[in-house]
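Observations on the three-dimensional arrangement
Chain by chain, the residues:
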Amino acid sequence: MAIRTVLKMGDPRLLKVADKVGKFGTPELNMLIQDMHDTMEALNGAGLAAPQIGVSLQVVIFGAKHNPRYPDAEEVPYTVLANPLLTPLAQEMEQDWEGCLSVPGLRGMVPRFTRLRYQGLDQYGKPIDRSVGGFHARVVQHECDHLQGILYPMRITDFRMFGFTEVLFPGQTPMDE
Ligand code: NI
């Protein structure tokens, strides 16, 4: 168990395409996922991808519990997803605010597919196949982008909607992904 350092935008390791996981249920993979979990919890994040802690593997974790401070925010079950495949279920895209643990202190308006199917494997190699929408779909797209070396600012279409969290949302601490 360890809280790892999250790489920040500008680090070339965040721009690499991550390798697929080949072996599941190994001590190394379990330790990586435990470290990712501890790091996400410590930073109050809604998601984290392995490349953000310098490991170039196709592993993401995400999840959001109900928070009384944000009653409208949807609950997302804690999920470990490896080797993901995303398929949009609607061509429709929706803009909403995102933040990222690798881009601290900033938030931007990012277009994402409103509904999608995601497939992949959990940390033991068991298949995952879900169709989701809303915030759940958004966080999956954000995390899986990290595996392709894409950070959310690269998706912003209107840079007037990009700024400092403390200015955009005074007195609030929205979750980063
Ligand atoms: Ni992120």
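Scroll up a little and you will see the structure.
The structure presented is a predicted model; accordingly, all values stated were derived computationally and were not measured. (Residues numbered from 1 in each chain as written. Predicted model: local features only at pLDDT ≥ 70, side-chain atom pairs only at ≥ 80, totals over all residues. Heavy atoms only, no water.)

Let's shift gears to the sheet that holds strand β5 (residues 103–113). If you trace the three strands from one edge of the open sheet to the other, you get β4-β5-β8, paired in antiparallel fashion. With one partner strand each, in any of the chains shown, β4 (93–100) and β8 (162–164) form the two edges of the open sheet. Put simply, the sheet's adjacent strands are angled 25 degrees from each other on average, direction ignored. In this sheet, β8 lies alongside β5 in antiparallel orientation, the contact comprising three bridges. Across the sheet, residue Leu 106 finds its bridge partner in β8, namely Phe 164. This element, helix α2 (residues 134–147), spans β4 and β5 of the sheet and lies at about 60 degrees to β4. (Pairing = 2+ DSSP bridges. Helix = DSSP H or I, 4+ residues; strand = E, 2+ residues; numbered from the N terminus. Axes fitted to C-alpha atoms, helices over the stretch in contact; angles between N-to-C directions. Contact = heavy atoms within 4.5 Å.)

Right, let's talk about the environment of Ser 131 for a bit. With respect to the helices and strands, Ser 131 occurs in strand β7 (residues 127–133). Taking the relative accessible area as the measure of exposure, Ser 131 reaches 45% and is therefore partly exposed. In this structure, the C-alpha to C-alpha distance between Ser 131 and Phe 164, residues 33 residues apart in sequence, is 33 Å. Not counting residues within four places of it along the chain, the set of residues in contact with Ser 131 comprises Leu 89, Arg 115, Leu 116 and Arg 117. (Buried < 20%, exposed > 50% of the residue type's maximum accessible area, 1.4 Å probe, protein only.)

Quick look at the sheet that holds strand β2 (residues 59–64) now. Overall, antiparallel pairing links the five strands, which are arranged β1-β2-β3-β6-β7 in an open sheet. Each edge of the sheet is formed by a strand with only one pairing partner; in this case those strands are β1 (47–49) and β7. With direction set aside, neighbouring strand axes in the sheet form an average angle of 35 degrees. In this fold helix α1 (residues 27–42) packs onto β1, β2 and β3 (76–88), with an angle of close to 40 degrees to the strand it touches most, β2. Strands in contact with α2 are β1, β2, β3, β6 (115–121) and β7; relative to β2, the strand with the most contacts, it is inclined by about 155 degrees.

Within the structure shown, the criterion is met by nine salt bridges. Notably, a salt bridge pairs Arg 4 with Asp 35, separated by 2.9 Å at the nearest N-O pair. Note that Arg 4 is positioned in the segment before α1 and Asp 35 in helix α1, a separation of 31 residues in sequence. You can call Asp 35 buried: its relative accessible area is 7%. Residue Arg 107 pairs with Asp 176 through a salt bridge whose shortest N-O separation is 3.0 Å. (Salt bridge = Lys/Arg side-chain N within 4 Å of Asp/Glu carboxyl O.)

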